[in-house]
Amino acid sequence: MSTQEVAIKDPAPMSSFSKVDAILARHHYAPGALISILQETQEEYGYVPPEVLNHIAKKTRLRPAHVYGVATFYTQFRLEPLGKQIITVCQGTACHVNGSEMILAAIAEELGLQPGETTPDGQFTLETVACLGCCGLAPVMMIDGTAYGQLTPDKTRRVLNDLKTKAAQTKKKA
Amino acid sequence: MQLFRAHVLVCGGTGCTSGGSQEIRARLEREIQANNLENEVKLVITGCHGLCEMGPLVIVYPEGTMYTHVQPDDAAEIVSEHLLKGRIVQRLLYKEPMTEEQVPHYGDLPFYKKQHRVVLSNCGYINPEVLEEYIARDGYAALAKCLGEMTPEEVIEEVKKSGLRGRGGAGFPTGLKWSFCRNAPGEPKYVVCNADEGDPGAFMDRSVLEGDPHRLIEGMLIGAYAIGASEGYIYCRAEYPLAVKRLKLAMKQAEEAGLLGDNILGTDFSFHLHLKEGAGAFVCGEETALMASIMGERGMPRPRPPFPANSGLWGKPTNINNVETWANIPDIIRRGGEWFASMGTEKSKGTKVFALTGKVQNTGLVEVPMGITLREIIFEIGGGVPNGKKFKAVQIGGPSGGCLPESQLDLSVDYESLTAAGAIVGSGGLVVMDEDTCIVDVARFFLSFTRAESCGKCTPCREGIKRMLEVLDRIANGEGKMEDLELLERTALVIKNTALCGLGQTAPNPILSTLRYFRDEYVAHIQDKKCPAGVCTNLLTYSIQPELCRGCTACAKVCPVGAISGEIKKPHVIDTEKCIKCGACMEKCRFGAITLG
Ligand SMILES: Cc1cc2nc3c(=O)[nH]c(=O)nc-3n(C[C@H](O)[C@H](O)[C@H](O)COP(=O)(O)O)c2cc1C
Ligand code: FES
């Protein structure tokens, strides 16, 4: 996914605010567009760096506390960098009834992660979501936009191991 | 227009896409070309058919043959057998779970037979990315009728006559809401579509957004005309990337065709539509929070009145409706309010889309006339509970709804009956639970959800839900007291009566309804220290049945704490002191020798 690649390629994006400035200009510095601005910023950097929050506040003439308040209210925004691949496990009702706890436990064990954490190598981030909207396939997890449905702990481990192998291969090539 | 002798529909909904439907489409395309059929057979990517569990789905018209669980490698056979030789590929047909009988025709499936599709009538038939396909199915005819022949007042009258009530949860009469906003002073006026669909276990709005986006746009245009609004917003949750993409495309197409923007269809009616993506907060589905979010603020609800109809976006009159509510409008205008009112019950008219999930044979989207019974939905359309398990409860309406037992299944599905029974129609999530589902665990599940999603503004919701959850945790851990049940009921009533917004006011419903119908199960946790469904880990012990154990050692190998011991080919035993109750052994055992109790 493009967003995460940017975050990796560009480890010091804060040296200039040109990318955020382009986003801000596109929204005419309107305070009402704050959420869209934050969304596009996150799209650009993979997360919302705290320095950028201050910059956005300055340019939209909002108080930094207000911008920070909005950024932390919504679960979508992250103030820390994400892993290259994001694993989102559904914790919705249909998934819960069909054993999503066991899926989460299997991932936690396989990758040594709790929800919200990233592996030390920066490869995987584990997140939970209230419903992915494919409840017919419960239990479900989504990795980089692909939904994996009707999971069992075993199937989950297989998917993760495939991903790990692939990640190791790309690393070798690079 | 070119005529084709056959249409091949490939489902492009989220479920089927994750099952590889894009690859299937590519392979079918190649096969069709290889057999020189491209002038005879048309390949269409459609929205969701609703039967996600059987996906990826491919349907061939004119016969209406439905192929299930299709793999890319099946493409060649479908083309050479069905499209060239006219022979149905038997092995890919849907099989009746009970009788193993094959069902070749889409419409004959029990899942579809009892349904009555209005809102979903195009989902799965048309390519949602092509405006002409919507128009070919009478799309935008209702808009033309409104602009050409009807005054705004007549449009509102027609909607009132239909008896349509809001599908977003509360069931407020739509026509009445429109007239409030029309009559409110202030300019400009806004219309808003609530596409936040935050209820976990519900995905009907998603299906309309992904499968028939122009229907929503047409509904909003008609509403804007009737109310006198010139600006509109669709607030769609960001967790639905495909829906966002299709909406953006549809809006662009409508603008290019002169259906959105200034002087629509050559009249002096102008309407500009914008899309806002949510950022992940359940409470933003509440209308005042949603408006705050559109304006770039934290999505916190505020007390009403003033209602949005008087003071909404930027203090101006605003009308908010749910996706499904808007999607009903074009048909009401085209076919008349009376036609719509002929379906349903006395006070609940028309059809409702439900997302049927959980422990049920056929999961998916079902659209049924109001007034149908829960039993018909779960057992006739849904095919009942799989694996010979016993039905225990059905949860309706998500975190604001309730759990109903077997004895309530003959209830008519309408706003009044369900509310009287302690549940709500809500957004339309129906989650079926079987004997393996623990009711205390379900109640806990919903409360942890509402606790996490509470915005924290009002005390009853912020503190009260937390306290109730603590009590439930106690009960699930076997540390509950009988007085706890009374405490739960008392706290629930206080929260219900004092919370600021609908989130808090309805959060106790899952607890109250389970206490009403499943009290025994709470008592079993408290007095017998037992979880009858075998879910609450602290009340369970794993053990190996010696007569079933073959001594294969699989369980001992998988146990992360080394709690299982035994010799090869001899029955093994679990050391309950060491066991952390992870369940890995039970999952691994091929002989069903490990039990929970
Ligand atoms: C906590 C909470 C969450 C809600 N979530 C939604 C939602 O996801 N979608 C929706 O259409 N309505 C939701 N509603 C209801 C809306 O506040 C509002 O009643 C509805 O959008 C009105 O549209 P309708 O009249 O067409 O139903 C929610 C209400 C509350 C209190
Ligand atoms: S509950 Fe998991 S996808 Fe809806």
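Residues numbered from 1 in each chain as written. Chains lettered and ligands numbered in written order. Predicted model: local features only at pLDDT ≥ 70, side-chain atom pairs only at ≥ 80, totals over all residues.

Visitor: Would you mind going over the overall build of chain B with me for this structure?
Guide: Scanning chain B from N- to C-terminus turns up 24 helices and 19 strands. The globule rule puts the C-alpha radius of gyration for 597 residues at 25 Å, and the 26 Å found for chain B is close to it. Taking the principal axes of its C-alpha atoms as reference, chain B extends roughly 85 × 65 × 40 Å. Classification of the 597 residues of chain B by burial places 54% in the buried group. (Helix = DSSP H or I, 4+ residues; strand = E, 2+ residues; numbered from the N terminus. Rg over C-alpha atoms; globule rule 2.2 N^0.38 Å. Buried ≥ 20, exposed ≤ 12 C-beta atoms within 10 Å, placed from the backbone.)

Visitor: Teacher, can you tell me more about the overall build of chain A here?
Guide: Along its length, chain A carries eight helices and four strands. Each helix (α) and strand (β) of chain A, taken in turn from the N terminus, gives the series α-α-α-α-α-β-α-α-β-β-β-α. Projecting the C-alpha coordinates of chain A onto the three principal axes gives extents of approximately 50 × 40 × 25 Å. In chain A, which comprises 174 residues, the share counted as buried stands at 40%. Sequence separation of 24 or more characterises 63% of the internal contacts of chain A that already satisfy a separation of 6 or more. (Contact = placed C-beta atoms within 7 Å.)

Visitor: Explain the sheet that holds strand 3 (residues 58–61) of chain B to me, please; I cannot follow it from the model alone.
Guide: Within a sheet, each strand pairs with its neighbour through backbone hydrogen bonds, oriented either parallel or antiparallel. All names here are of chain B. Taken together, the four strands give an open sheet; going across it, the order is 2-1-3-4, and neighbouring strands pair in mixed fashion. Each edge of the open sheet carries a strand with a single partner, namely strand 2 (41–46) and strand 4 (65–67). The sheet shows a mean angle of 20° between the axes of neighbouring strands, taken without regard to direction. (Pairing = 2+ DSSP bridges. Axes fitted to C-alpha atoms, helices over the stretch in contact; angles between N-to-C directions.)

Visitor: Explain the interface of chain B and chain A here, please?
Guide: When the parts come together, some accessible area is lost, and that loss is often what is quoted as the size of the interface. Across the boundary between the two partners, chain B contributes 42 residues, which contact 36 residues of chain A. Among the residues forming the side of chain B that touches chain A, the class breakdown is 16 nonpolar, 18 polar and eight charged. (Nonpolar A, V, L, I, M, F, W, Y, C, P; charged D, E, K, R; others polar.)

Visitor: What's the story with the site of ligand 1 in this structure? I'm lost.
Guide: Residue and element names in this part refer to chain B. Inspection of the region around ligand 1 gives 22 residues, with Gly166, Gly168, Gly285, Asn322 and Gly502 positioned closest. At the level of secondary structure, the elements contributing two or more residues to the shell around ligand 1 comprise strand 10 (318–322) and helix 20 (502–506). The element that contributes the greatest number of residues to the shell around ligand 1 is strand 10, accounting for three residues. By residue class, the composition of the shell around ligand 1 is six nonpolar, 11 polar and five charged. Two domains each provide a minimum of three residues to the shell around ligand 1, namely domain 2 (131–341) and domain 4 (450–515). (Near = placed C-beta within 6 Å. Domains from an automatic or database assignment.)

Visitor: Sorry if this is basic, but what is going on with unusual backbone geometry here?
Guide: Leaving glycine out, the prevailing phi sign among residues is negative, and the prevailing peptide bond configuration is trans. Of note, the amide linkage connecting Gly55 of chain B to Pro56 of chain B takes the cis form, showing an omega dihedral of -5°. Mapped onto the fold, Pro56 of chain B is located in the loop between strand 2 and strand 3. A cis amide bond links Tyr61 of chain B with the next residue in sequence, Pro62 of chain B, at an omega value of 10°. Summarising the element assignment, Pro62 of chain B is placed in the loop between strand 3 and strand 4. For His28 of chain A, which is not a glycine, the phi torsion comes out positive at approximately 55°.

Visitor: Before we go on, may I ask you to explain the domain arrangement of chain A in this structure?
Guide: What the domain assignment reports for chain A is domain 1 (13–73) and domain 2 (85–173). Measuring from the centre of the C-alpha atoms in domain 1 of chain A to the corresponding centre in domain 2 of chain A gives 30 Å.

Visitor: What is the right way to look at the domain arrangement of chain B in this model?
Guide: Residue and element names in this part refer to chain B. With domains assigned, chain B is organised as domain 1 (6–108), domain 2 (131–341), domain 3 (351–434), domain 4 (450–515) and domain 5 (541–596). Using only C-alpha atoms to locate each centre, domain 1 and domain 2 end up separated by 34 Å. Here the side of domain 1 that touches domain 2 is composed, by residue class, of one nonpolar, four polar and no charged.

Visitor: Quick question: what am I supposed to make of the sheet that holds strand 4 (residues 146–148) of chain A here?
Guide: Residues and elements named next belong to chain A. The sheet built from four strands is open, its strands ordered 2-1-3-4 with mixed pairing. With partners counted over all chains shown, the strands left at the sheet margins are strand 2 (124–129) and strand 4, one partner each. Ignoring strand direction, the axes of neighbouring strands in this sheet form an average angle of 25°. As defined by bridge partners, strand 1 (residues 85–90) adjoins strand 3 (residues 141–143) across three bridges and the pair is classed as antiparallel.

Visitor: Explain helix 13 (residues 323–335) of chain B to me, please; I cannot follow it from the model alone.
Guide: A turn of α-helix holds 3.6 residues, and therefore any two residues three or four places apart point the same way. All names here are of chain B. With 11 of its 13 residues buried, helix 13 lies for the most part within the structure. Listed as buried for helix 13 are Val323, Glu324, Thr325, Trp326, Ala327, Asn328, Ile329, Pro330, Asp331, Ile332 and Ile333. Where helix 13 ends, the next residue or the one after it, Gly336, has phi of about 95°, a positive value.

Visitor: What should I look at first to understand the environment of Glu133 of chain B in this one?
Guide: Residues and elements named next belong to chain B. Structurally, the position occupied by Glu133 is in helix 5 (residues 131–136). Sequence separation between Glu133 and Asp212 is 79 residues, and the spatial gap between their C-alpha atoms is 9.9 Å. With residues near it in sequence (within four places) discarded, Glu133 still touches Ile126 and Asn127.

Visitor: Honestly, the nonpolar core in this entry has me stumped. Any pointers?
Guide: Soluble, globular proteins show a tendency: their nonpolar side chains are buried together. In terms of nonpolar packing, the biggest core is built from 211 residues, with Val140 of chain A together with Leu57, Val58, Ile222, Ile377 and Val394 of chain B touching the most fellow members. Among the elements that make up this core, the one with the highest residue count is helix 10 (residues 213–227) of chain B (nine residues). In this view, Ile222 of chain B contacts Ala142, Leu143, Cys146, Val155, Ile329, Pro330 and Ile333 of chain B; residues no more than four positions away in its chain are not counted. (Core = buried A, V, L, I, M, F, W, Y, C linked by C-beta atoms within 7 Å.)

Visitor: Any chance you could explain the packing of helix 9 (residues 204–211) of chain B against helix 13 of chain B here in plain terms?
Guide: How two helices sit against one another is set out by the angle between their axes and by the gap between those axes. Residue and element names in this part refer to chain B. Contact geometry for helix 9 and helix 13: axes closest at 9 Å, N-to-C directions at 50°. Taken together, the axes of helix 9 and helix 13 are oblique relative to one another. Helix-helix and strand crossings are classified by hand; for helix 9 and helix 13 the assignment is left-handed. The segment helix 9 lies against helix 13, with Met204, Asp205, Val208 and Leu209 engaging Val323, Glu324 and Ala327. (Parallel < 35°, antiparallel > 145°, perpendicular 65-115°, else oblique. Left-handed = near helix turned anticlockwise from the far one by under 90°.)

Visitor: What am I meant to see in the confidence of the model for chain B here?
Guide: When pLDDT drops low, the exact placement of atoms in the prediction is not to be read closely. For chain B, the mean per-residue pLDDT works out to 93, and 99% of the residues sit at or above 70. Two numbers describe this predicted complex: its pTM, 0.89, and its ipTM, 0.81. (pLDDT = per-residue confidence, 0-100.)

Visitor: Just checking my understanding: could you explain helix 19 (residues 483–498) of chain B for this structure?
Guide: Residues and elements named next belong to chain B. The terminal C-alpha atoms of helix 19, which comprises 16 residues, lie 23 Å apart, in line with the 22 Å expected from a rise of 1.5 Å per residue. Leu488, Ala492 and Ile495 are the residues of helix 19 that are buried. Axial view of helix 19: buried residues confined to an arc of 70°, hence all on one face. Summarising the geometry of helix 19, the exposed residues directed more than 90 degrees from the buried face are Glu483, Glu486, Arg490, Leu493 and Asn497. Buried residues along helix 19 sit against helix 18 (459–476), helix 20 and helix 21 (509–517). (Expected span 1.5 Å × (residues − 1). Arc of directions from axis to C-beta.)

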